[in-house]
Amino acid sequence: MKRLLSRLGLRTLALAYLALILVGPLAVVFWRTFEDGFGPAWDALTTPETLNAFKLTLIITAIAVPVNTVFGIVCALAIVRRRFRGKGLLNAFIDLPLALSPVVVGLALFLLYGRDGWFGSWLDDRGIEVLFALPAMVIATIFVSLPFVAREVVPTLREIGDDQEQAARTLGASGWQTFWRITLPSIRWAVIYGVILTTARCLGEYGAVAVVSGRLQGETETATLRVQERYEAFDLAGAYAISIVLALIAILVLVAMTVIRPKEGTA
Amino acid sequence: MVMVGLPLAALMWEATSEGTQSFRDAVSSPEAVAALKLTLGASLAVAVLNAVLGTITAWVLVRDDFRGKTVVNAIIDLPFALPTIVAGLTLLALYGPTSPVGIDVAFSRTSIVLALMFVTLPFVVRTVQPVLQELDPELEEAAHSLGASTWTTFRRIVLPNILPGILSGVALAFAKAVGEFGSLVIITGNIPFETEVSSVHIYGRIESGDSAGAAAVAVVLLAISFATLVSIGVIRHFATRHDR
């Protein structure tokens, strides 16, 4: 009886905690946004600036995700299958973007590509715009979402071992063939899982992009920057409407994660 | 490597470009010190809260059974999927001036803790959950049948096993909390000496054109992040050595 009570008590506590911190706030925003029906939210979303912000976010994500997927797989293969000097360092470096403040990331890139930065004058001479333009925003986004694919793939690669790969090699398969036919199919769920996490991070990046974008309205303003801009312009309805779209994407991400997670072990 | 290393090298360079004296001045300016103290204090508080609430949540998700557990389990990852700026805005909607329940903590230090709790929620849950799943419930049953109370069983049987998981989750949450920016800009109001954390302080210095000062404070945050990562490595090392 006492155990049942403590079990129920803990369950209530955990659920209340999640409700107060996670679900409650989001529910209020949903409620506030659709308080007056879909019309106002739709109008707030379809202003040219907001549409442009979403377009920019999608462009950045469309570049950053494939880059990080390839990079993540290569890094994971290097970490698990190869032995080389500085492997420990690579291992530590790959986690660093997870622990770093996005503002620090943005500042570091700002100092590298800014007018007084290391590459600044070289780029300036050639008329290449990086800072306060799309390239810097893409680089910042790639930086912050760098580790996700590698982190998902590394444990899976360790688990499957390299017996099959070696068998393929002995049977005369080239390295490339082995990768496409043997390695990639067995890590595919880990890769997909990593890609989902990377996509979520890219769509939601704020701090690093805020520093390197210059936040030029209609030009270098992503969806997340637009949320902040609308909030500061006292257009709460606009900020909520964009937030709702981003939150719906986040919920889709959660659904995808839940569907894929159980398959990880069996893949 | 180049991708991560080069920008950080540029950061270190800028921080020290005007000599160690100006580095020290930037880091020890009253506003920077106040921001750093606040950042560390709030992050520590949030890390401790996470250790307790995260462990309870993980325990409920593994050992308890109820309707809708799959949904609850999926919701844990919401802070990973939701943009931080949206997180800040949603927290403000419930706990701000327009709160439907009349709780207003906006622009106060409580709001910092609240936002950090949101963004760090998954870490401890997700590091403790797999360890608990591996842990045989029969051990706990045995302790119970020998007359141990729930608390004793937890303290003597469960806790020693999940402690490395809790610690590495706490360290991850701490690292995330120290660097957090997006969720804080809206809800804290960024009042210097009051609710301005280090990342916001750095951002302010960049905006006002003091990139050397910003870089100096950023190097301090970088050092904290790095130290936290190293300690996670150490925890993992000891945890796996124990298994062998």
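Nothing here was measured: the structure is a model prediction, and the numbers come from that model.

J.: For this particular structure, what's the right way to read the overall build of chain B?
T.: A count of helices and strands for chain B gives twelve helices and zero strands. Overall size of chain B, expressed as C-alpha extent along the three principal axes, is 65 × 50 × 30 Å. In chain B, which comprises 244 residues, the proportion classed as buried is 56%. Taking all contacts inside chain B whose residues are at least 6 apart in sequence as the whole, residues at least 24 apart take part in 75%. Counting every atom, chain B has about 10,300 Å² of accessible surface; 64% of that belongs to carbon and sulfur.

J.: Hey, could you run me through the overall build of chain A in this one?
T.: If you tally the helices and strands in chain A, you get 14 helices and zero strands. Taken from N to C terminus, the helices and strands of chain A fall in the order α-α-α-α-α-α-α-α-α-α-α-α-α-α. With respect to the principal axes defined by its C-alpha atoms, chain A has extents near 75 × 65 × 30 Å. Expressed as a percentage of the 267 residues in chain A, the buried residues total 51%. Across chain A, contacts joining residues at least 24 apart in sequence account for 72% of those joining residues at least 6 apart. Total accessible area computed for chain A in this model is approximately 12,800 Å², and 64% of it derives from carbon and sulfur atoms. With 24 positive and 21 negative side-chain charges, chain A shows a spacing of 14 Å between the two charge centroids.

J.: Before we go on, may I ask you to explain the pattern of salt bridges in this structure?
T.: A pair can form between side chains of opposite charge whenever their charged atoms are brought close. Residue and element names in this part refer to chain A. Going through the model one piece at a time under the given rule, you end up with 13 salt bridges over all chains. Residues R32 and E35 are paired through a salt bridge, measuring 3.7 Å at the closest nitrogen-oxygen approach. Residue classification places R32 among the partly exposed positions, given a relative accessible area of 21%. Residue classification places E35 among the partly exposed positions, given a relative accessible area of 41%. In this structure, a network of salt bridges that share partners links the residues E221, R226, E229, R230 and D235.

J.: I keep staring at the interface of chain B and chain A and nothing clicks. Help me out?
T.: It is common to report an interface's size as the accessible area lost on association of the parts. With 75 residues of chain B at the interface, the matching set in chain A holds 67 residues. Summed over both partners, the interface of chain B with chain A buries about 6,500 Å², with 79% contributed by carbon and sulfur atoms. In this structure, the connection of chain B to chain A is made through two salt bridges. The partner of A:R11 in a salt bridge is B:D64, and the shortest N-O contact between them spans 2.7 Å. Here the side of chain B that touches chain A gets eleven residues from one element, more than from any other, and that element is helix α1 (residues 2-16) of chain B. Grouping the constituent residues of the side of chain B that touches chain A by class yields 53 nonpolar, 15 polar and seven charged.

J.: Explain unusual backbone geometry to me, please; I cannot follow it from the model alone.
T.: Across the chain, the bulk of peptide bonds are trans and the bulk of non-glycine residues have phi less than zero. Non-glycine residue A:F132 carries a positive phi angle of around 60°. Locating A:F132 in the fold gives a position in the loop between α6 (120-125) and α7 (134-144). The phi torsion at B:F193 lies on the positive side, around 65°, for a residue other than glycine. The residue B:F193 is located in the loop between α10 (182-187) and α11 (198-207) in this model.

J.: Please clarify how the environment of A:Q164 should be interpreted in this entry.
T.: Mapped onto the secondary structure, A:Q164 falls in helix α9 (residues 163-170). Remark: the alpha-carbon pair of A:Q164 and A:R201, spanning 37 residues in sequence, is separated by 33 Å.

J.: So what exactly am I meant to see when it comes to the side chain of B:T120 here?
T.: Residues and elements named next belong to chain B. By secondary structure assignment, the location of T120 is in helix α7 (residues 109-134). For T120, the side chain forms a polar contact with the side chain of N50, separated by 2.7 Å. Filtering out sequence-adjacent residues up to four positions away, T120 remains in contact with V46, N50, A173, K176 and A177.

J.: Sorry, what's going on with the packing of helix α3 (residues 48-81) of chain A against helix α10 (residues 175-204) of chain A here?
T.: The geometry of a pair of packed helices is captured by two quantities: the angle between their axes and the separation between those axes. All names here are of chain A. One way to put it is that α3 packs onto α10 with a least axis distance of 9 Å and a crossing angle of 140°. Taken together, the axes of α3 and α10 are oblique relative to one another. Read as a crossing pair, α3 and α10 show a hand that is right-handed. Only F179, T183, L184, I187, V191, V195, T198, T199, C202 and L203 of α10 make contact with α3, whose side of the interface consists of T57, L58, T61, A64, V65, N68, T69, I73 and L77. Along the lines of polarity and charge, the residues of the contact of α3 with α10 split into twelve nonpolar, seven polar and no charged.

J.: How should I be thinking about the packing of helix α1 (residues 2-33) of chain A against α7(B) in this particular structure?
T.: Two numbers describe how α1(A) lies on α7(B): the axes approach to 10 Å, and their chain directions differ by 105°. Comparing their axes, α7(B) and α1(A) come out roughly perpendicular. Every residue of α7(B) that contacts α1(A) at A:Y17, A:L18, A:I21 and A:L22 is listed here: B:L114, B:M117, B:F118 and B:L121. Residue composition of the contact of α1(A) with α7(B), grouped by class: eight nonpolar, no polar and no charged.

J.: Can you walk me through the layout of surface pockets in this structure?
T.: The gaps left among the atoms become clear once a water-sized probe is rolled over them. When its volume is computed, the second largest pocket comes out at roughly 550 Å³. What lines the second largest pocket is a set of 22 residues, and nearest its centre among them are A:L10, B:W59, B:T150, B:W151 and B:F154. Grouping the amino acids of the lining of the second largest pocket by side-chain chemistry returns twelve nonpolar, five polar and five charged.

J.: Whenever I open this one, empty space enclosed by the protein confuses me. Can you help?
T.: Residue and element names in this part refer to chain A. On inspection of all chains with the given rule, the structure shows four cavities of 30 Å³ or more. Volume-wise, the largest cavity comes out at about 60 Å³. Lining of the largest cavity is provided by T57, I60, T61, T141, C202, L203, E205, V209, T222 and T224. Listed by contribution, the elements that provide at least two residues to the lining of the largest cavity are α3 and α10. It is α3 that contributes the most residues to the lining of the largest cavity, three residues altogether. Along the lines of polarity and charge, the residues of the lining of the largest cavity split into four nonpolar, five polar and one charged.

J.: Just checking my understanding: could you explain the nonpolar core for this structure?
T.: Here is a general trend for soluble globular proteins: nonpolar side chains tend to be buried in one another's company. Ranked by internal contacts, the top residues of the largest apolar core, which has 151 residues, are A:L107, B:L11, B:L82, B:F118, B:L132 and B:I202. Looking at which domains feed residues into this core, each of domain 1 (1-33) and domain 2 (41-266) of chain A supplies at least three. In this structure, B:L132 is in contact with B:A58, B:W59, B:V62, B:R63, B:V158 and B:I162, ignoring residues within four places of it in sequence. Among the nonpolar cores identified, the runner-up in size contains twelve residues, and A:V80, A:V154, A:L157 and A:F179 belong to it.

J.: Would you explain the confidence of the model for chain B in this entry?
T.: Do not read the fine detail of predicted coordinates wherever pLDDT is low. Per-residue pLDDT for chain B averages 90, and the proportion of residues at 70 or more is 98%. Here α1(B) stands out as the least confident element of chain B, with mean pLDDT 83; helix α3 (residues 30-63) of chain B is the most confident, with 95.

About the criteria used
Numbering of residues begins from 1 in every chain and follows the order in which that chain's sequence is written. Following the order in which they are written, the chains are lettered starting with A and the ligands numbered starting with 1. Only residues with pLDDT of 70 or above have their local features reported here, since the model is predicted, and side-chain atom pairs are shown and tallied only from 80 upward, although totals for entire chains, interfaces and linings are computed over all residues. Note that the side-chain values use all heavy atoms of the structure and ignore hydrogens as well as water. The numbering of helices and of strands both runs from the N terminus, where a helix is a DSSP run of H or I of at least 4 residues and a strand a run of E of at least 2. Each residue gets one of three labels from its accessible area relative to the maximum for its type: buried under 20%, exposed over 50%, partly exposed in between, using a 1.4 Å probe on protein chains only. By definition, residues are in contact when any of their heavy atoms lie within 4.5 Å. Residue burial considers only the protein chains on display, and all accessible areas are found by Shrake-Rupley using a 1.4 Å probe. Under the counting rule used here, the positive set is Lys and Arg, the negative set is Asp and Glu, and His together with the chain ends is not counted. Lys charges are placed at NZ, Arg charges at CZ, Asp charges at CG and Glu charges at CD. Counted as salt bridges are all cases of a side-chain nitrogen of Lys or Arg within 4 Å of a carboxyl oxygen of Asp or Glu. Buried area: the accessible surface (1.4 Å probe) lost by two parts on joining, summed over both. Three classes are used, and their members are as follows: Ala, Val, Leu, Ile, Met, Phe, Trp, Tyr, Cys and Pro are nonpolar, Asp, Glu, Lys and Arg are charged, and the others, Gly among them, are polar. As used in this structure description, the phrase polar contact means that two N or O atoms lie within 3.5 Å; if the pair is within protein, one of them must be able to donate a hydrogen and the other to accept it, and residues adjacent in sequence are counted only when both atoms belong to side chains. Helix axes are fitted only over the stretch in contact, all axes being lines through C-alpha atoms; the angle between N-to-C directions runs from 0 to 180 degrees. Throughout, the term roughly parallel applies to angles under 35 degrees, roughly antiparallel to angles over 145, roughly perpendicular to angles from 65 to 115, and oblique to all others. Whether a crossing is left-handed or right-handed is set by the direction in which the near helix is turned from the far one by less than a right angle, anticlockwise for left-handed and clockwise for right-handed. For cavity detection a 1 Å grid was placed over the protein atoms alone, and a set of points counts as a cavity when a 1.4 Å probe fits there but cannot get out; an open set counts as a pocket when protein lies on both sides within 12 Å along at least five of seven lines, with lining residues being those that have an atom within 4 Å of a point. Grid points are joined across faces, edges and corners, and a volume is the space filled by probe spheres set on the points. We call a set of buried Ala, Val, Leu, Ile, Met, Phe, Trp, Tyr and Cys residues a nonpolar core when their side-chain atoms join them within 4.5 Å. Domain boundaries shown here were taken from an automatic or database domain assignment. Per residue, pLDDT captures the predictor's confidence, and it can take any value from 0 to 100.

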